[in-house]
Amino acid sequence: MDTFSTLLENTTLIKIVKLVAWILFIIFIISFIRKTLKKRIEDISIRYKAQKGVEILGYVLIIFLVLMAFTVDSVKDYTIIIGLFTAGITFTLQELILSIAGSFYIFFVRVYKPGDRIEINNIKGDVIDIDSIYTTIMEMGEWVSSDNYSGRIVKISNAFVFKGPIKNYSMDFPFVWDELNILITYGSDTELAKNIMLDTANELLSDYTEKSKAKWHQMVARYYIEDATIEPTIAINLTDNWIQLNLRYITDYKKRRNTKHTLFQYIEQTISKSDGKVTLASTTLQLLEVPPLNVNLKK
C-alpha cells in the first residue's frame, strides 16, 4: 500500500502514464480515421494524400505532447516550447512553405502562366497547370529530338522559382532566333547560294518578321536592351572542306522545327535547279580495291 502511494506521489511517473495514454489515444484516432477514409474515398490519389496528411498531423501532435510533458513547467516555458516547436515545423516543412510562397510569386509577378513554354530545373516543356505547390509541365526533349513532346508529364515544386533561372520562351516576346547551316563546295557560286537562302527565308518568314518587329520594339522600350536585326541574315565561314553558309532567322517558338524543315526543303530544291552553279558539299570516303598480287617462292 505504501508502495502504491509512493508511485502516486511520483509526478514523473504520472506524466509518463498520461503521455502514453494520450499517445495510444492519438494512434487509435489516426487508425480509425485512415480506415474511414479508405472506405469513403474512392479516388486512390486523393485517398493516399488524405491518409498521409492525417498520419503526419498525428505524428506532429505526438511530438508536441512529448515536448510539452517533459519541458513545460510555467507560462514562460510554454512560450519557449511553442517557439521551438514552430521553428522545428518551419525547418521540416521549409520546402512546402517555399512552394506555397512560390505559387504567390508566380501569380503576382507573372513569371510564367499556363500555356507558356519554359525551362526550369533543366526540364523543358509547356506549362499545363499551376497549383499552390506544383507546376505541371508537358515535357519536351530527353530522348526526343528538337522541340517535340516526350509524352511525360512532370510536376516541379514551385520552390524552384527561388533557386535558379527560369527560361521563358513566350513571355513578352513569343519568337526565337534560330540558325541553319548549308554547306557548299569550293567553286560554287557563293553569291547565288546566299541569294537563294535569303530569298527563301524572306518569302517563307515574312509574316513572322513583321509580327516580331512590333513585339521587339515593345521589348526595347520596356527593357534595357539594344536593338537587334529581325530580318534574316547570312554569315560565311570557310573551312578546310567546304564553305559554310549560316542563315539566322526569327520564327515562332512553337514552330521552330517545322520552320527549319521547310527552309531546308525549299533551299535544297532551288539549289538542285541551279544547273550545277551551286553544289552541296558532304564528307565522302572512297575505298580503293586492292590489286591482285602474285607471289613466287624460290625453293
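Residues numbered from 1 in each chain as written. Predicted model: local features only at pLDDT ≥ 70, side-chain atom pairs only at ≥ 80, totals over all residues. Heavy atoms only, no water.

A. Structural context of helix α6 (residues 190–222). Helix length check: α6, at 33 residues, gives a terminal C-alpha distance of 40 Å against a target of 48 Å (1.5 Å per residue), a shortfall beyond 12%. The largest bend along α6 measures about 70° and falls at L205. Buried-residue contacts for α6 involve β6 (175–184), β7 (233–238), β8 (243–252) and α7 (256–272). Residue D189 occupies the N-cap position of α6, its side-chain oxygen lying 3.3 Å from the main-chain nitrogen of E191. (Helix = DSSP H or I, 4+ residues; strand = E, 2+ residues; numbered from the N terminus. Expected span 1.5 Å × (residues − 1). Bend = angle between axes of the 7 residues up to and from the residue. Contact = heavy atoms within 4.5 Å. Polar contact = N/O pair within 3.5 Å; in protein donor to acceptor, adjacent residues only side chain to side chain.)

B. Inspection of the pattern of salt bridges at higher detail. Enumeration over the complete set of coordinates arrives at 10 salt bridges. We note a salt bridge from K211 to D207, for which the minimum N-O separation is 3.4 Å. Here the residue K211 and the residue D207 both occupy positions in helix α6, the gap between them amounting to 4 residues, near one helical turn. The class for K211 is partly exposed, based on a relative accessible area of 49%. The class for D207 is partly exposed, based on a relative accessible area of 42%. Sharing partners across several salt bridges, the network here consists of D178, R256 and K260. (Salt bridge = Lys/Arg side-chain N within 4 Å of Asp/Glu carboxyl O. Buried < 20%, exposed > 50% of the residue type's maximum accessible area, 1.4 Å probe, protein only.)

C. Seen up close, the sheet that holds strand β1 (residues 117–120). Read across the open sheet, the 5 strands follow the order β4-β3-β2-β1-β5; overall the sheet is antiparallel. With partners counted over all chains shown, the strands left at the sheet margins are β4 (149–157) and β5 (166–168), one partner each. The average angle at which neighbouring strand axes cross in this sheet is 35°, direction not considered. Direction of pairing for β1 relative to strand β2 (residues 123–130): antiparallel, over a ladder of 4 bridges. Directly across from I120, in β2, lies its bridge partner I123. (Pairing = 2+ DSSP bridges. Axes fitted to C-alpha atoms, helices over the stretch in contact; angles between N-to-C directions.)

D. A look at the sheet that holds β7. The strand order β6-β8-β7 describes an open sheet built from 3 strands, whose pairing is antiparallel. Both edges of this open sheet fall to β6 and β7, since each of them pairs with a single strand only. The sheet shows a mean angle of 25° between the axes of neighbouring strands, taken without regard to direction. Taken together, the 10 bridges between β6 and β8 define a ladder with antiparallel strand orientation. Of the residues in β8, the one forming a bridge with W177 is I250. α6 contacts β6, β7 and β8 of the sheet and is inclined by roughly 20° relative to β8. Its contacts with the sheet place α7 against β6 and β8, and it is angled at close to 30° to β6.

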